[in-house]
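Listed below are the residues making up each chain.
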Amino acid sequence: MKQTISGTGKVLLAHGSGGRMTHELVRDVFVAHLDNPFLSTLSDAVVLPELTAGCRPALTTDAFVVDPAVFPGGDVGYLSVCGTINDLAVAGAKPLYLTWALILEEGADGELLEVCAKGASRAAEEAGVLIVAGDTKVVPHGRGDKIYITTAGLGEIPMERHVGDDRIAVGDAILVTGSIGEHGATIMACRHHLSGDNLKSDCAPLNHLLESLFRAELEIHSMHDPTRGGILTTCHEVAGRTGLRISLEEELIPVRPEVQAVCELLGLDPLSVPCEGRALIWCPAEQADPILNLLRQHPLGEGAVRIGMMAPLDPGKAPVILTNAYGADRPLDLLAGSDLPRIC
């Protein structure tokens, strides 16, 4: 870390004061890693070109407070960009521009800031987007926890493209683009000083993977990224919005052995453990195989499988059920609280 982060390599309150040290921080860390023609103007507001003709704007915002801030497979900087990209991508949007704002704690390690800036830059490059604006604030020691990040993301959706839960119908297949629970299991393993050579976060930008489905003109009804609460929470949200029942097949849901081991050791259900590089896809049943075949051609979709289907919801029945290998159904309830705080 350059000496502009003070002689001790720590974040100081002066780095958020707006004076010389703030300017050095912006120049030597943020612009150094995130530079592009829009960001380099360092103006109060970025002026962007018009969207592609025939497209609607899509806008999202998010905040990231993961602990630990650096983990196998990523860091909070990389995660913040991937998470924002994926929120746009599952809405059917092509991500274009992001803003990136940090709240730093006085005394935070300057090397951590460098790692996160590099992580954000790497994710933006992988996704093909630009980080065009940002901000930095520093709070006194003990008033934060090293680093928090907030983002906003702007994308565009072609006028003819419609993706949403209102399109989900009885008989729709439910697909997942890969094995589940890897991000949450990795974070929890880090906190409990567990390790494994193959245990790392699934964090990744999904826009290129999902855009390939639209380019192939395959019919997609809806998509979601199962972050907080995992696929369990996502399925409950979809069931509530559609008024239909979600039937999942336990034997089809992919969970890697190392994730299963961490979950068993810590008393977690893989279905409720967050993913940060997976998408759930709802599509007509006859489109499931063509979609899976295409997904499996991409490195981020090699493990794509069908895991369930949509059915009518009978009065008094559970909206989300899990069918085991013996054909027995088990209702899946939402968690009463949060087993996994500070996960993303």
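Structure shown above.
Trainee: How do you make sense of the overall build of the protein when you look at a structure like this?
Mentor: Of the regular secondary structure elements, the protein holds eight helices and 13 strands. Compactness check: the protein gives a C-alpha radius of gyration of 21 Å against a globular reference of 20 Å for 344 residues, within 12% of the reference. If one aligns the C-alpha atoms of the protein with their principal axes, the spans along those axes are about 65 × 50 × 35 Å. Looking at the protein residue by residue over its 344 residues, the buried ones come to 51%. Across the protein, the fraction of contacts at a sequence separation of at least 24, relative to all contacts at a separation of at least 6, is 85%. For the protein, the accessible surface area stands at approximately 15500 Å², while carbon and sulfur atoms represent 52% of it. For the protein, the separation between the mean place of its 26 positive charges and that of its 45 negative charges on side chains is 3 Å.

Trainee: Whenever I open this one, the packing of helix α4 (residues 182-191) against helix α7 (residues 257-266) confuses me. Can you help?
Mentor: Two packed helices can be described by the angle between their axes and the distance between those axes. Axis separation between α4 and α7 bottoms out at 9 Å; the angle between their running directions is 55°. As the angle between them shows, α4 and α7 are arranged oblique. For the pair α4 and α7, the crossing hand works out as left-handed. For the pair formed by α4 and α7, the contact residues are Glu182, Ala185, Met188 and Ala189 on the first element and Val259, Val262 and Leu266 on the second. For the contact of α4 with α7, a count of residues per class yields six nonpolar, no polar and one charged.

Trainee: Is there a simple way to explain the packing of aromatic side chains in this structure?
Mentor: If you walk through the whole model with that rule in mind, you get two aromatic pairs. Lying across the ring of tyrosine 78, arginine 122 places its NZ or CZ 3.9 Å from the centre. Its guanidinium or amino end placed over the ring of phenylalanine 214, arginine 161 lies 4.0 Å from that ring's centre, counting from NZ or CZ.

Trainee: Can you help me understand the sheet that holds strand β13 (residues 329-331) in this one?
Mentor: Through backbone hydrogen bonds, the strands of a sheet pair up, either in parallel or in antiparallel fashion. Taken together, the seven strands give an open sheet; going across it, the order is β8-β10-β7-β11-β9-β12-β13, and neighbouring strands pair in mixed fashion. Strand pairing shows two members of the sheet lacking a second neighbour, β8 (222-224) and β13, which therefore form its edges. If you compare each strand with its neighbour and ignore which way they point, the axes differ by 25° on average. Pairing of strand β9 (residues 244-249) with strand β12 (residues 320-323) involves four bridges; the strand directions are parallel.

Trainee: Got a minute to help me understand the environment of glycine 83 in this structure?
Mentor: Assignment of secondary structure puts glycine 83 in helix α2 (residues 76-89). Residue glycine 83 is classed as buried on the basis of its relative accessible area, which comes to 3%. Through-space distance from the C-alpha of glycine 83 to that of glycine 153 is 9.8 Å; in sequence the pair is 70 residues apart. In this view, glycine 83 contacts Phe64, Asp225 and Glu276; residues no more than four positions away in its chain are not counted.

Trainee: Teacher, can you tell me more about the sheet that holds strand β6 (residues 147-158) here?
Mentor: Pairing is mixed in the open sheet, where four strands are placed in the order β1-β6-β4-β5. Looking at the sheet topology across the chains shown, the edges are occupied by β1 (55-64) and β5 (130-139). Going across the sheet, the axis of each strand differs from the next one's by a mean of 15°, ignoring polarity. Examined bridge by bridge, strand β4 (residues 94-105) and β5 share nine bridges and lie parallel to one another. Note that in β5 the partner of alanine 101 across the bridge is aspartate 135. Sheet contacts for helix α3 (residues 110-127): β4, β5 and β6; angle to β4, the most-contacted strand, approximately 175°.

About the criteria used
- Residues numbered from 1 in each chain as written.
- Predicted model: local features only at pLDDT ≥ 70, side-chain atom pairs only at ≥ 80, totals over all residues.
- Heavy atoms only, no water.
- Helix = DSSP H or I, 4+ residues; strand = E, 2+ residues; numbered from the N terminus.
- Rg over C-alpha atoms; globule rule 2.2 N^0.38 Å.
- Buried < 20%, exposed > 50% of the residue type's maximum accessible area, 1.4 Å probe, protein only.
- Contact = heavy atoms within 4.5 Å.
- Areas by Shrake-Rupley, 256 points an atom, 1.4 Å probe, with all protein chains shown as cover.
- Lys, Arg positive; Asp, Glu negative; His and termini not counted.
- Charge placed at Lys NZ, Arg CZ, Asp CG, Glu CD.
- Axes fitted to C-alpha atoms, helices over the stretch in contact; angles between N-to-C directions.
- Parallel < 35°, antiparallel > 145°, perpendicular 65-115°, else oblique.
- Left-handed = near helix turned anticlockwise from the far one by under 90°.
- Nonpolar A, V, L, I, M, F, W, Y, C, P; charged D, E, K, R; others polar.
- Phe/Tyr/Trp six-rings, centres within 6.5 Å; stacked < 30°, edge-to-face > 60°.
- Lys NZ or Arg CZ within 6 Å of the ring centre and 35° of its normal.
- Pairing = 2+ DSSP bridges.

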